[in-house]
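Now for the letters of each chain:
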Amino acid sequence: MEKMRMESMDIVAQNVENIGNLFPDCITEARDENGKIQKVVDRDRLMQKFSHKIIGGGTTEHYEFTWVGKNASRVEANTITNKTLRPCIEESKDWDNTENLYIEGDNLEVLKLLQNNYFNKVKMIYIDPPYNTGKDFIYRDKFSQNIDEYEEAKGSFDEEGNRLFKNIETNGRFHSNWCSMIYPRLILARNLLTDDGIICVQIDDNEYDNMKKILSEVFGESNYLTTIIVKMSEATGVKMAHSDIMIPKLKEYIIIFKRKDNIKINSVYIPKEQWDDEYKTFLIGISKDEVNLLKKIRECEKRTDKDVETVDKILAKIDYKSLTDIYKIYNITKKEDKLKFNYENAWRIVQIASISGGAKILADNKRKKIQNRFFSIVTPKKKMYFIKGDYDFNIDKPRIKMLFADDYLMVNPCDFWQDIKTTGLDNEGFVSFRNGKKPLKLVNRLIKMFTNPNGNDIVMDFFAGSSTTAHAVLDMNFEDNGNRKFILVQIPVDLDNQLDIVDKDTKKDILKQIEFLDSKGLKHFITEIGKERIRLAGEKIKGEAGFNGQDLDIGFRVLKLDSSNMKDIYYSADEYDQGMLENMQSNIKEDRTDLDLLFGCLVDWGLELDKPYTTKVINGHKVHIYNGEALVACFEKDLDMKTIKEIAKLQALRVVFCDNSFIDSATKINVAEHFKMIAPDTDIKVI
């Protein structure tokens with residue numbers, strides 16, 4: 001039986017295999033640092049495939065974006081991790097039924113672990129990483145600096161003692177450290193996106209240029225979609241304090257790249273800033289349902305002659321008055337009351353636009369046949385227009401085409417968003433979290449643009465912060481009855497630890513966060529704020545949905561990054577002979593549960609982590625059944641052949657046991673043979 005690796009996917013080996021499939025002659029063999037033979041890519045041979053000239057020694061000038069530590073950070077993206085994700089049911093919500101994930105831990109390690117499970121499965125990634133303002137704490141990856149530099153910068157620790165560090169501008173590697181932090185994470189994130197997936201990165205002026213260059217390198221310049229400029233501040237207060245010597249910054253950027261394929265963008269619209277006074281004709285004798293039916297038939301190019309008759313019957317009933325006359329009838333005199341009335345009745349308020357050419361001829365001909373005040377015409381290209389018939393034939397471009405106000409009250413914001421309210425966000429999402437919190441409306445809009453409500457799309461955020469992205473997914477699912485899912489990743493920053501190393505204003509914010517957490521009886525970690533926000537937002541959304549919200553998934557499974565489930569000896573097994581290994585009682589750490597082992601196997605085998613599972617007892621042994629036939633696991637000891645046969649009868653695609661599960665050596669030896677007879681398609685492994 002094959003032994004499970006219990007580590008992340010070897011991306012280097014996978015890349016070598018992919019290149020070998022394309023260019024077999026570029027693969028050779030070499031010894032690694034331990035003297036072991038392995039397949040490697042002959043770089044010169046590979047480069048020769050892309051040049052008509054001889055590739056060899058010497059240096060050639062070429063365009064390249066680089067920084068101190070780039071090569072090391074590229075290697076870091078390919079480095080294997082043997083960490084694992086441990087389930088935490090007590091901090092989860094609706095563990096058994098939810099398909100959402102909240103993962104605590106260093107996002108670099110987590111992204112590595114998810115390469116197997118979610119490769120090519122995430123539809124949209126939104127991240128709001130540290131902006132490198134000189135006050136940010138960024139991840140201290142092991143390639144960033146040498147040990148002396150590591151100790152120089154006073155930092156903050158997460159729950160596991162992993163160090164974050166304050167990247168101050170006086171640091172000689174100020175930009176390099178930030179680039180080295182973000183680069184491997186984006187490389188790994190790209191692997192998770194579907195072919196038609198999207199990544200949206202929010203950033204400000206400090207690192208916009210570097211971020212766009214890194215994204216262009218990772219995703220390819222041809223996959224750049226756009227940069228949206230978002231107004232994030234008002235020109236008031238502190239922002240204007242030094243406007244005599246500098247131009248205040250009110251904007252941030254959302255840089256958007258696609259993974260590979262053409263994508264579908266769902267158009268979004270926002271209200272126009274003011275009412276268009278051209279809409280001044282008020283329709284009488286028609287209901288809102290009838291207007292909606294008119295528009296439905298108008299937009300359907302496969303409409304029938306009977307549909308056209310239906311349209312003309314409805315239009316024939318219509319009469320009209322000017323808005324001015326309507327104001328008098330209803331005694332509407334104040335400007336604000338008129339505006340409110342207009343928007344409430346926009347479905348029945350129209351403007352009459354000019355028409356000419358072939359459409360005018362069609363209108364003339366139909367008017368000669370009928371005497372209705374309003375009627376429809378259909379052009380040779382299947383376009384339908386609603387016509388106001390009391391016009392002068394002799395005018396070349398008469399105003400006769402009816403346009404409904406509610407069709408034109410909204411406008412696409414394109415790549416300049418200035419309608420997002422950014423003030424008063426301190427307690428948005430029911431949690432006190434001011435610094436860096438993004439407006440729910442902003443993330444809602446991105447999700448609406450780039451995901452399919454009914455596509456089971458996964459939305460990911462690996463700089464989760466206060467969990468705005470999770471809140472937005474729940475909110476959008478409520479709005480359009482969608483079934484999107486989220487995966488959030490956040491390092492558990494210790495807020496108490498940060499109090500001694502942040503500036504005065506940030507300290508005030510952190511104290512408010514701690515006060516909020518104390519009111520809920522929660523530990524002082526940023527992850528607790530994020531999880532509590534999801535709980536509170538979900539309950540509020542489901543409460544507002546009422547009966548219609550019964551199927552809303554407002555839960556989440558909490559998984560926590562931790563060291564391997566296996567004892568350290570497991571990872572240096574080459575140093576031990578077979579006899580020594582067989583005499584070991586167990587290679588599993590004593591504090592690990594069956595559930596820890598199950599999810600460790602899911603990570604190793606590349607199964608999604610949000611699926612249902614059950615347990616059953618077979619001959620006194622607990623057996624875990626994950627997602628139907630996807631995986632069966634039994635970590636019990638003293639398994640005899642009778643139990644093995646019963647497990648084989650489950651016909652699972654995958655089965656895993658502990659290496660010391662079997663009652664004796666003969667049983668262990670015969671496991672594979674019995675599975676071949678009973679369940680020949682089952683893949684068997686041990687840990």
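Residues numbered from 1 in each chain as written. Predicted model: local features only at pLDDT ≥ 70, side-chain atom pairs only at ≥ 80, totals over all residues. Heavy atoms only, no water.

Caption draft 1: Examining the sheet that holds strand E23 (residues 485-490) more closely. Strand order in this open sheet of ten strands is E4-E24-E5-E23-E22-E6-E10-E12-E11-E21, and the pairing throughout is mixed. Looking along the sheet, the strands with just one partner apiece sit at the ends: strand E4 (84-87) and strand E21 (416-417). Here strand E6 (residues 122-127) runs beside strand E10 (residues 193-203); their pairing, made up of five bridges, is parallel. Looking across to E10, one finds that tyrosine 126 is bridged to cysteine 200. Relative to E6, helix H14 (residues 440-450) is tilted by about 155°, and along the sheet it contacts E6, E10, strand E11 (224-231), strand E12 (251-258), E21 and strand E22 (458-461). Against the sheet, helix H20 (residues 594-605) touches E4 and strand E24 (557-562), its axis set at about 140° to E4. (Pairing = 2+ DSSP bridges. Helix = DSSP H or I, 4+ residues; strand = E, 2+ residues; numbered from the N terminus. Contact = heavy atoms within 4.5 Å. Axes fitted to C-alpha atoms, helices over the stretch in contact; angles between N-to-C directions.)

Caption draft 2: How the structure looks around the side chain of asparagine 565. Assignment of secondary structure puts asparagine 565 in the loop between E24 and helix H19 (578-583). Judged by relative accessible area, which is 1%, asparagine 565 ranks as buried. Within polar-contact distance, the side chain of asparagine 565 engages the side chain of arginine 592 at 2.8 Å. In this view, asparagine 565 contacts Met6, Thr84, Arg86, Asn587, Ile588, Lys589, Arg592, Asp596, Leu597 and Gly600; residues no more than four positions away in its chain are not counted. (Buried < 20%, exposed > 50% of the residue type's maximum accessible area, 1.4 Å probe, protein only. Polar contact = N/O pair within 3.5 Å; in protein donor to acceptor, adjacent residues only side chain to side chain.)

Caption draft 3: Expanded view of empty space enclosed by the protein. One pass over the structure, following the stated rule, counts three cavities of 30 Å³ or more. Its volume calculated, the largest cavity comes out at about 60 Å³. Taken together, 13 residues line the largest cavity, and the ones lying closest to its centre are Met6, Glu7, Lys83, Thr84 and Gly600. With three residues, the single largest contributor to the lining of the largest cavity is H20. (1 Å grid on protein atoms, 1.4 Å probe; cavity = no way out; pocket = protein on both sides within 12 Å on 5 of 7 lines; lining within 4 Å. Points joined across faces, edges and corners; volume = space filled by probe spheres on them.)

Caption draft 4: A look at the pairing of strand E27 (residues 631-634). Neither face of E27 is open: one carries Leu631 and Ala633, the other Val632 and Cys634, and all of them are buried. Both strand E26 (residues 621-626) and E27 contribute to a ladder of three bridges, which runs antiparallel. Across the sheet, residue histidine 624 finds its bridge partner in E27, namely alanine 633. Once E26 ends, the chain turns through four residues before running back antiparallel as E27, passing asparagine 627 with a positive phi of about 50°. Direction of pairing for E27 relative to strand E28 (residues 654-657): parallel, over a ladder of three bridges. Looking at E28, one finds that valine 632 is bridged to valine 655. Once you follow E27 into helix H21 (residues 641-648) and on to E28, the crossover reads as right-handed. (Right-handed = clockwise from strand over helix to strand, strands pointing away.)

Caption draft 5: Geometry of the pattern of salt bridges. In this structure the tally under the stated criterion is 50 salt bridges. Salt-bridge contacts for glutamate 99 lead to lysine 485; the nearest nitrogen and oxygen are separated by 3.9 Å. Residue glutamate 99 is located in the loop between E4 and strand E5 (101-104), and its partner lysine 485 is located in strand E23; the two are separated by 386 residues in the primary sequence. Accessibility expressed as a relative area gives 28% for glutamate 99, which makes it partly exposed. Its salt-bridge partner being aspartate 390, residue lysine 388 comes within 2.8 Å of it at the nearest N-O pair. (Salt bridge = Lys/Arg side-chain N within 4 Å of Asp/Glu carboxyl O.)

Caption draft 6: Spotlight on helix H7 (residues 208-219). Between its terminal C-alpha atoms H7 stretches 16 Å, which fits the 16 Å expected from twelve residues at 1.5 Å a residue. Where H7 is concerned, the buried positions are Tyr208, Asn210, Met211, Ile214, Leu215, Ser216, Val218 and Phe219. (Expected span 1.5 Å × (residues − 1).)

Caption draft 7: Representation of the packing of aromatic side chains. Applying the stated rule across the entire model yields 22 aromatic pairs. Ring geometry for tryptophan 95 and phenylalanine 599: centres 5.6 Å apart, planes at 55°, overall tilted. Taken together, the residues span a long stretch of sequence, with tryptophan 95 in the loop between E4 and E5 and phenylalanine 599 in helix H20 at a distance of 504 residues. For the pair formed by tryptophan 95 and phenylalanine 599, the shared burial category is buried. Seen from their ring centres, tyrosine 391 and phenylalanine 393 are 5.7 Å apart, and the 55° between their planes marks the pair as tilted. By relative accessible area, which is 10% here, tyrosine 391 ends up buried. (Phe/Tyr/Trp six-rings, centres within 6.5 Å; stacked < 30°, edge-to-face > 60°.)

Caption draft 8: Here's a closer look at the environment of glycine 357. With respect to the element layout, glycine 357 can be found in helix H12 (residues 357-369). Overall, the relative accessible area of 45% leaves glycine 357 in the partly exposed class. When the C-alpha positions of glycine 357 and aspartate 396 are compared, they lie 8.3 Å apart, and in sequence the two are 39 residues distant.

Caption draft 9: Fine view of the packing of H14 against helix H15 (residues 468-480). Their axes nearest at 9 Å, the elements H14 and H15 cross at an angle of 60°. Regarding the angle of H14 to H15, the classification is oblique. Seen from above, H14 lies across H15 with right-handed handedness. Contacts between H14 and H15 pair Leu440, Val443, Asn444, Ile447 and Lys448 from the former with Thr468, Thr469, His471, Ala472, Val473, Asp475, Met476 and Glu479 from the latter. Considered class by class, the residues forming the contact of H14 with H15 number six nonpolar, four polar and three charged. (Parallel < 35°, antiparallel > 145°, perpendicular 65-115°, else oblique. Left-handed = near helix turned anticlockwise from the far one by under 90°. Nonpolar A, V, L, I, M, F, W, Y, C, P; charged D, E, K, R; others polar.)

Caption draft 10: Unusual backbone geometry, seen in detail. Even without glycine at this site, aspartate 94 takes up a positive phi of about 55°. Turning to its location among the elements, aspartate 94 is positioned in the loop between E4 and E5. Look at asparagine 481: it is not a glycine, yet its phi comes out positive at around 60°. Positionally, asparagine 481 belongs in the loop between H15 and E23. Relative accessible area serves as the criterion here: at 59%, asparagine 481 is assigned to the exposed category.

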